[in-house]
Structure formats: structure tokens, C-alpha cells
Amino acid sequence: MKNISIDIRHALGRVTEADIKAMLPEADKCLDTVESGTGAGNDFLGWVKLPSETTDALVDDICATAQQLRSECEVVVAIGIGGSYLGAKAVIEALSDSFAAYRTDKGTQILFAGQNIGEDYLNELMNLLETKKFGIIVISKSGTTTEPAIAFRLLKEMLERKEGKEVAARRIVAITDEHRGALRKLATEEGYKTFVIADNVGGRFSVLTPVGLLPIAVAGYDIKALLEGAREMEAATRATEYAENPALLYAATRNALYRSGKKIEIMVNYNPKLHYFGEWWKQLYGESEGKDGKGIFPASVDNSTDLHSMGQWIQDGERTIFETVLSVETPVHTTVIPTDADNLDGLNYIAGKRVDQVNKMAELGTRIAHVDGGVPNMRISIPALTEQYLGQLIYFFEKACGISGYMLGVNPFNQPGVEDYKRNMFALLEKPGYEEATAAIRSRID
Ligand code: PA5
């Protein structure tokens, strides 16, 4: 059994191996702060031992609930935003057939809502759901977030109208705080099946709780293997040496690069199935690290697509960036480029090669060009897109995020900056309780 692995050789130059080695005591201290729960935000460290402490009973309950939804629904809409949505979306996209929506044998489809307030998005979704047997997984840790609350109000009303309250209640599952919040109250009153998001697990670290596991199971994927991979990485990332602990090495290297002036990290993939993994990673690192005037700005690109858009900037723009490449060793399928007798397109020189061989040369050629252009490059190798390796990858990034945040000197587990837009939005919408803020913000409107 292989593992995901990290290669930092091509990140060296501006920072040396000696620089990174010299950071080991500091990185170790931050690892210990995460493991021992002695740092800022230590009441949000429930994710650290989550893989090893998740009980079989919980996994069985999630699988049974998923099976029940699958047996009754053509479509299940997972409603949530931020950490209550991106992890499930990332894993499902990574494992799914790229054209699943167009297959006739597609089984139960997972769609997402509550991650935006787009009127057209919601209207078009409801239009589609009119013709489908559907269910809802509504996810909100706080139980009060506006975006998912709006989507849930609309879809709940629709489901009750179409199927009656009893069937609707059977097809709605709520994932929220054990005691607090409007969603908990509503779920109790309506008699929905519920799962709990523990107090000590923050949204962006919650993909390995029912928040991510239930939608992933409904989509038909093996959550036991996902947790198994995470457990493997939980064990590996306790080690105090770079050679054994990829999370420690990644956290130290990105901090060394940041301190040398590399302020932006671009997560790069060469497999479109990983687009949402980049989105999940950006949320995890952006919300965890961007505070107190500090933080590596997390960006992402999908190559080779984006080599034809962002490639110019990355090769030639301001030299404040470094790249971390997610490289999948073996694709699921095999496709060989055929020979063409006329060779009018001039492609016979690659005839007989797998498409992935060409993709790998695009990756290698890009790495050499970007490193030559002053863009340090880390590479994370993923043997294949399976549940087990995705579980490893998720836990690897979570653990590295905790270590890295402490190395930056911030509390990686809060998100005070997210509240500002909410306060203004509520004031503008004249939410009860915001009267003073409403009066104050009026003078700011042009
Ligand atoms: O990481 C976080 O804490 C946030 O991104 C939340 O997940 C997001 O704001 C959604 O919050 P909630 O689950 O309370 O609706």
C-alpha cells in the first residue's frame, strides 16, 4: 500500500534545505501545540483524533441513513456553505464520473444549495426538482447561517407541498449542533433524523464528521475507506521528523517560503476532478491563516486549462508566488492516442502514448519552466483518486494547517473576519436587533 507523499526538492533555491532543517524545532513545537491542545483555539481541536475516534456505530448509522435516502430519492440536495459544503463537494467530484449527470444509470445524484444566494441558481434548482423524487441534507453547525437557511426554507416548503409533511420529514436529515441554533430547534419540532457536529470541530475541519461523510455516502462512496486513509495519516503526522511526517515538512516549507517573501501559494492540479479539492483547500487555509495582517494567500489553478490563462502571470508576473502541485500518479481509465495515416494534425509523434503520459509531460515541462522563472514548486503525489488516498490527503492538509497557522503566529481555528459582512448585510436588510447598525450604515450608502 502506497501513501501520498511530498517532494520539496524543487522548492529549494531561495530557501535552502538548511533553512528548512533549521525550522524543525519550531515546527515540532507547533506540532506539539496541536497534539497537546495547548495553543490558541484549543477548544476546536476535536478534528485531530477524529479519524481514530469515530465509532463503527456512527459510521453504520451514516451508511444506513444514506441507504434510506438512496432508496427513496433520485436527487439529494446537500444544503450548506463553507466548511459545511466544500469537503463533501471536493470528495464527490474527485471520485465521480465527470459526466455522471448525463448518464442514464446514474443512481442517486447529490446536488448542492445554500452555498450562494443566487436567485437564478435556486429557481433553476427548484425547477429541476419539480420533476424529481428528492431529499435534503441540511448542514449548519451554527444553525443560523443565512445562505443555507434561505435554501432550506424554499426546498422544505417545496418538498412538503409535493410529498406531504410525513414523507418530507422522512427525507430530510439535519446536521447541526447538539443543542443550539434554529436548525436544531426546527429538526426537533419536525422530527427529522439528525447528526451532531461536535462543539470542538470547526466547520472547515468537519469533512470527516457526518457533515462530509453523509453526502459522500449518499453519492455511493466508501466512507470507511476514507476514514481508514485519514487514520493512516493521523498516525503518520504524529512523527517529529520531516522524513516521517509530510504535514510537518509541508508546514515548515511553506512558512520558510512565506518568510522569504513568497506571499501567495497556488494549489495546482492536472486533473479536473480535483478542482473542488482546490476550493476546499483554499477555504481551509484562507479562513485559518488570513488574520492579524498575516497569512499566505491561497489561490488555485486547474492545469493544463489554466496554463492558457493564468500561465502567463505565473511564469512572468510578480515573483511573490510558489506552487504546490497535486499530481495523481494513475488515472482511473486508460485512453491511448491513435495513429492517423494522414497525420494532418502532426500528432503521430505521440501516437501510442496514453493521454496521461502527455499530461505528465505538461506537468514536468511546466515545473521546469516555473522553477526557472522563480516559482518554487512543491509536489504532492497521490497514487490514485480513491477514497483511501483522499482520506490521507484531507487529514494531511488539516494537520499541516494547524501546524502552519501556529508557525505564522495566528489562531488557526477562529474566523472573526467573516462576521463583518454579515453584520452589514443584516443591518441593510433591517434584521430585528440591528436597528443601530441599520441607522449607521444608511449614511454609508451612496
Ligand atoms: O469553517 C467555518 O467555520 C465556516 O466556513 C463555516 O463552515 C461556514 O461559515 C458555515 O457555517 P455553519 O455551518 O455554521 O452554517
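Now for a quick tour of the structure. (Residues numbered from 1 in each chain as written. Predicted model: local features only at pLDDT ≥ 70, side-chain atom pairs only at ≥ 80, totals over all residues. Heavy atoms only, no water.)

Time to look at helix α4 (residues 56-72). With 17 residues, α4 should reach 24 Å at 1.5 Å per residue; the first-to-last C-alpha distance of 24 Å fits that figure. Restricting attention to buried positions, one finds in α4 the residues Val59, Ile62, Thr65, Ala66, Leu69 and Glu72. Buried positions in α4, seen along its axis, are confined to an arc of 165° and lie on one side of it. Residues Asp56, Ala57 and Ser71 are exposed on α4 and point more than 90 degrees away from its buried face. (Helix = DSSP H or I, 4+ residues; strand = E, 2+ residues; numbered from the N terminus. Expected span 1.5 Å × (residues − 1). Buried < 20%, exposed > 50% of the residue type's maximum accessible area, 1.4 Å probe, protein only. Arc of directions from axis to C-beta.)

Moving on: the nonpolar core. Counting residues in each nonpolar core, the largest one holds 96 residues, and the members touching the most others are Tyr250, Phe277, Trp280, Phe396 and Phe397. With 13 residues, the single largest contributor to this core is helix α16 (residues 387-408). Phe397 has contacts with Tyr250, Met267, Phe277, Trp280, Trp281, Leu284, Tyr285, Leu326 and Ile380, leaving out every residue within four places of it along the chain. Of all hydrophobic cores here, the second largest spans 23 residues; its members include Met126, Phe152, Leu155 and Leu183. (Core = buried A, V, L, I, M, F, W, Y, C linked by side-chain atoms within 4.5 Å. Contact = heavy atoms within 4.5 Å.)

A separate point is the state of the cysteines. Each disulfide consists of one covalent bond between the sulfur atoms belonging to two cysteines. Enumeration according to the criterion identifies 0 disulfides in this entry. The structure places no disulfide on Cys63, whose sulfur is separated from the nearest cysteine sulfur, that of Cys73, by 17 Å. The partly exposed category is assigned to Cys63, whose relative accessible area is 29%. Cys401 forms no disulfide, and the closest cysteine sulfur to it belongs to Cys30, at a distance of 12 Å. On the accessibility criterion, Cys401 (0% relative accessible area) is buried. (Disulfide = S-S within 2.5 Å.)

Moving on, we get to the sheet that holds strand β3 (residues 109-113). By definition, the strands of a sheet pair up through backbone hydrogen bonds, in either a parallel or an antiparallel sense. An order of β3-β2-β4-β5-β6 is seen for the 5 strands of this open sheet, with the pairing classed as parallel. Among the strands making up the open sheet, the edge pair consists of β3 and β6 (193-196). Between one strand and the next, the sheet's axes are offset by a mean angle of 20°, whatever the strand orientation. Sheet topology note: the strand β4 (residues 134-140)/strand β5 (residues 172-176) ladder contains 5 bridges and is parallel. Of the residues in β5, the one forming a bridge with Val138 is Ala174. Here helix α10 (residues 210-218) sits on the sheet and contacts β2 (75-79), β3, β4, β5 and β6; the angle it forms with β4, its principal contact strand, is near 165°. (Pairing = 2+ DSSP bridges. Axes fitted to C-alpha atoms, helices over the stretch in contact; angles between N-to-C directions.)

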